[in-house]
Amino acid sequence: MRSHAKVVVIGGGVVGASVLYHLTKAGWKDVLLIERAELTSGSTWHAAGGMHTVNGDPNVAKLQQYTINLYKEIETISGQSCGVHITGGIMLAGTRERVDWLKMAKARGRYLGMELEVISVDEAAKLFPLMDKKHFKGAMYDPIEGHVDPYGVTHAYAKSAQIGGAEIVRQTRVTELKSRPDGTWDVITERGNVHAEHVVNAAGLWAREVGRMVGIELPVLAMEHQYLITGDMPELAGKPEQLHCIDFEGEIYIRQERGGMLMGTYERAGVPWSEIRTPWDFGQDLLPNDLERIAPSLEVGFEHFPSLGGAGVKKVVNGPFTFAPDGNPLIGPVKGLRNYWVACGVMAGFSQGGGVGLSLAHWMVDGDPGADVWAMDVARYGDWATLAYTNAKVRENYSRRFRIRFPNEELPAARPLRTTPIYEKLQTEHAVFGDYCGFEHALWFAPSAAEAADRVSFRRSNAHEHVGAECRAVEQGVGLLEISNYGKFEIRGPGAAAWLSRMMANRVPNVGRIALTPMLNERGKLIGDFTVCRVSDDHFFLIGTYAAEVFYLRWFERHLPPTGVSVRPCAVEYVGLSVAGPHSRALLQSLVRSDLATPAFPFMSFRRMDVGMVPAYVGRISFTGELGYELWVTTDYQRALYDLLTKAGREYGLKCFGGRALHSLRVEKSFGTWAREYRPIYGPLEAGLGRFVDFRKDEFIGRTAALDEKANGGKLRLVTFHVDAADADALGDEPIWHDGKVVGWVTSGAYGFRAESSIALGYVPVKLASAESGFEIEIIGERRKATRRSTAPVDAPGARMRS
Ligand SMILES: Cc1cc2nc3c(=O)[nH]c(=O)nc-3n(C[C@H](O)[C@H](O)[C@H](O)COP(=O)(O)OP(=O)(O)OC[C@H]3O[C@@H](n4cnc5c(N)ncnc54)[C@H](O)[C@@H]3O)c2cc1C
């Protein structure tokens, strides 16, 4: 084994082999893969090899399409067959809700170029005669589904990488990783050491162990997974290969395996495997079968597909594979570690392995993944995703793999975990809570305890009228919202202003002022949006999205100078309350000595004030479009502040409002938010943030690319629509049609109670951004007329928030 390599990839499963291949393809030839046993010795060897393009996140779906299309390429380079069977696939729906879900999945597929088709039960039965029609209400057909040979795919990647210059060492375990001061690594193995510039943890079932070698606890857990293969079935003899089939009600997947059928299930009573640590001596082993556990699914399966029941069971496979809490992969560089990369938690290696390898290789070689990989970024989890949290969430996710997650459905596992001091007080107001990064936050307030629950639906739900009442309170009186679950950072030091000026696209505010600013990467794309508040010359308070805290910190740490600036995350230390509405000033004025009148404390002001006895940062800012204030206090003061505001608020008719009302209010104002309107595939001009980019500054990250965007106008535009909706509003990811063609996609939608209309935000090509008519938005399978607004539907000039 060589003693030096630019990259050492640890793990020769399908993911490690794909990373290795993509590194060579991207031009890095001095790359070495070290495998503990033989290639495929983790989850890979016993996988069922199924592959499909449908994914809840459109960006992941694109990478799945890429993976499936890649197999021809690696077969050609390597001469190794991947055993690709593109049979097409069918998804069977047994309920009306599932049919709605299929219509929505098909609609999303439209702008991804996927040729999905929602079909009748009769049509489905023609395509998949093994099904008993009486159990189903509809189906969807996907021509690009099928299965591959896991061994063939992994070896095809590996051989292609070797042809590209990579080396693979087998039967060698990496036992330790030691970092050097220059950020490089000593990779200690059973058979000698390698000095590497970068290491990639692609250790699959052992990803946690390889994480622990560098002191991190990766949020992954393996679950046992079983499938069975039936005996040969006369029904299949002499026929073309059967389609890949998913039966949502049975929670099973089925495909042909030679003369019989392979049937697997994600059972509700799923069992984790090796919850704390993975044994090193686990090899190409299988786990003992437990058909009892999957019996309920099998019974449904044999009922829904009767001929399988008579075919007998030839073989049962029970093997472990890993999941992150949300079921998506974990990829990217790890905050706090130089040149340590992960590519793990990949639960669908044969749909996703190619996309994971491509993105990671680009990230390593070019400094950027080259695609929007937010849904897979390891930085979406913070320290709160502990081993036990991961355990609870992975079990839940596994057991729900084939169940519908409704847009207003909050899942119960690992809750409540993180609460603020006013949690019980909000409970007594009948708050219905949601979970955000483990934090409980109020979504809406019910009139009574008995009504404080969501009835899940794709359509307007039981919460609708109560959310409406909250919005009207903010419009006409004053509302109180807890805003604790934002990311917050304190930036201090003599170099803080200059550093922020370089990091952010907008100007740095003066002392006592607030500036909204996008943060761009070198390609001029959005990687964050912040509220920057200046406390003093060398002290700033930044507010952004909490889910992206680790993502931001990773970026900040990459760009921090050795001295002169410090960045401190303080999301948990500072909690917040916001008052919004025309009476918010009078309410707050009754509690503070400072003059809050506009001349003394205009819009976008920020100051330290005592609210009663509570020391607070007060910002005059508005995400609702109404006059409003955000109050930030340390956690110990939050109850007192809440009591003060609610007591004084009685005189003004103060009403609590929650995240759902805030969402409706901000959509009516055409205000975007991170991960919906703002993502790394959009430039600031495209996202309507052009006015927050200050080109008078000589330097900031992304300036050159943003100037290019300004010169050429970008490709897309974020636009706002009134939608002729019936009982369902757009949710996000619906296609936008224009003159009978799909031209864009929705990023957010809501019913706007002030505008008395359903509203959607979404991206369309620049050339259509000023088209007056001809738009439609597809909501649950129906194309609804959409009218483009040239301005925000509510108070476009922003007079109310400035008043
Ligand atoms: C029963 C079953 C059915 C499945 N069906 C499907 C399916 O139909 N479709 C699909 O897409 N996916 C399926 N999967 C999931 C699929 O197997 C995984 O997504 C995939 O194998 C993950 O690959 P990996 O490379 O990340 O991990 P692994 O396959 O676990 O590979 C990790 C490798 O790293 C090596 N390694 C670990 N630590 C070290 C070390 N310290 N030093 C050196 N080497 C090390 C291991 O020996 C191993 O070879 C199934 C899984 C199971 C168990």
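(A) Focus on the overall build of the chain. When helices and strands are counted, the chain shows 19 helices and 39 strands. In terms of overall size, the chain behaves like a compact globule, its C-alpha atoms giving a radius of gyration of 27 Å where 803 residues would be expected to give roughly 28 Å. In terms of principal-axis extent, the alpha carbons of the chain reach across some 80 × 65 × 50 Å. Summarising the internal contacts of the chain: among those between residues at least 6 apart in sequence, 72% fall at separations of at least 24. Within the structure as shown, the chain displays about 29,700 Å² of accessible surface, and the carbon and sulfur contribution to it stands at 50%. Each charge class in the chain can be summarised by its mean position, and for the 91 positive and 94 negative side chains these summaries are 4 Å apart.

(B) Representation of the sheet that holds strand β36 (residues 741-752) in the model. Here six strands make up a closed barrel; going around it, the order is β34-β37-β36-β35-β38-β39 and the pairing antiparallel. Strand-to-strand twist across the sheet, computed as the mean angle between neighbouring axes with direction ignored, equals 45°. By the bridge criterion, three bridges tie strand β35 (residues 735-738) to strand β38 (residues 775-779) in an arrangement that is antiparallel. Residue pairing across strands places Trp737 opposite Glu776, the latter belonging to β38. Lying on the sheet, helix α3 (residues 96-111) is in contact with β35, β36 and β38; it crosses β35 at an angle near 60°.

(C) Inspection of the pairing of strand β32 (residues 628-634) at higher detail. The buried fraction of β32 is high, at six of seven residues. Here strand β29 (residues 574-580) runs beside β32; their pairing, made up of seven bridges, is antiparallel. The residue of β32 that forms the bridge with Ala580 is Gly628. Two elements, strand β31 (residues 614-619) and β32, share three bridges in a ladder whose sense is antiparallel. Bridge pairing links Tyr617 to Trp632 in β32.

(D) Looking closely at the environment of Phe402. As for its position among the elements, Phe402 is in the loop between α10 (387-399) and α11 (423-428). The spacing of Phe402 and Phe248 is 154 residues in sequence and 5.4 Å in space, taken between C-alpha atoms.

(E) Structural context of the environment of Val478. Looking at where Val478 falls in the secondary structure, it is placed in the loop between α12 (464-476) and β23 (479-482). The exposure class of Val478 is buried, given its relative accessible area of 0%.

(F) Up close: the sheet that holds strand β4 (residues 85-86). Strand order in the open sheet made by the three strands is β3-β8-β4, with antiparallel pairing throughout. This sheet does not close on itself; its edge strands, each paired only once, are β3 (50-51) and β4. Taken together, the two bridges between β4 and strand β8 (residues 146-147) define a ladder with antiparallel strand orientation. The residue of β8 that forms the bridge with His85 is His147.

(G) Focus on the site of the ligand. Inspection of the region around the ligand gives 39 residues, with Glu35, Arg36, Thr44, Gly50 and Val346 positioned closest. With respect to the ligand, the backbone of Ser43 contributes an N or O atom lying 3.0 Å from an oxygen atom. Breaking the shell around the ligand down by element, the ones donating at least two residues are α1 (14-25), β13 (221-230), β18 (313-323) and α9 (349-366). The class makeup of the residues in the shell around the ligand is 20 nonpolar, 16 polar and three charged.

(H) Local environment of the nonpolar core. Within the largest apolar cluster, 89 residues are counted, with the highest numbers of intra-cluster contacts made by Val8, Leu177, Tyr340, Ile491, Leu542 and Phe556. Counting residues per element, this core draws most heavily on helix α14 (residues 549-559), which supplies six residues. Non-local contacts of Leu542, meaning those with residues more than four positions away in its chain, are made with Gly487, Lys488, Phe489, Ile491, Leu500, Met504, Phe530, Thr531, Val532 and Phe556. Residues Val15, Leu63, Ile74 and Met376 belong to the second largest nonpolar core, which totals 44 residues.

(I) Structural context of the side chain of Asp132. Mapping Asp132 onto the fold places it in the loop between α4 (121-127) and β7 (138-142). Within the local environment of Asp132, its side chain forms a polar contact with the side chain of Lys134, the two groups lying 3.0 Å apart. Apart from residues lying up to four places away in sequence, Asp132 is in contact with Glu303, His304 and Pro306.

So, how was this worked out
Residues numbered from 1 in each chain as written. Predicted model: local features only at pLDDT ≥ 70, side-chain atom pairs only at ≥ 80, totals over all residues. Heavy atoms only, no water. Helix = DSSP H or I, 4+ residues; strand = E, 2+ residues; numbered from the N terminus. Rg over C-alpha atoms; globule rule 2.2 N^0.38 Å. Contact = heavy atoms within 4.5 Å. Areas by Shrake-Rupley, 256 points an atom, 1.4 Å probe, with all protein chains shown as cover. Lys, Arg positive; Asp, Glu negative; His and termini not counted. Charge placed at Lys NZ, Arg CZ, Asp CG, Glu CD. Pairing = 2+ DSSP bridges. Axes fitted to C-alpha atoms, helices over the stretch in contact; angles between N-to-C directions. Buried < 20%, exposed > 50% of the residue type's maximum accessible area, 1.4 Å probe, protein only. Near = heavy atom within 4 Å. Polar contact = N/O pair within 3.5 Å; in protein donor to acceptor, adjacent residues only side chain to side chain. Nonpolar A, V, L, I, M, F, W, Y, C, P; charged D, E, K, R; others polar. Core = buried A, V, L, I, M, F, W, Y, C linked by side-chain atoms within 4.5 Å.

Coordinates in, geometry out; function isn't part of it.
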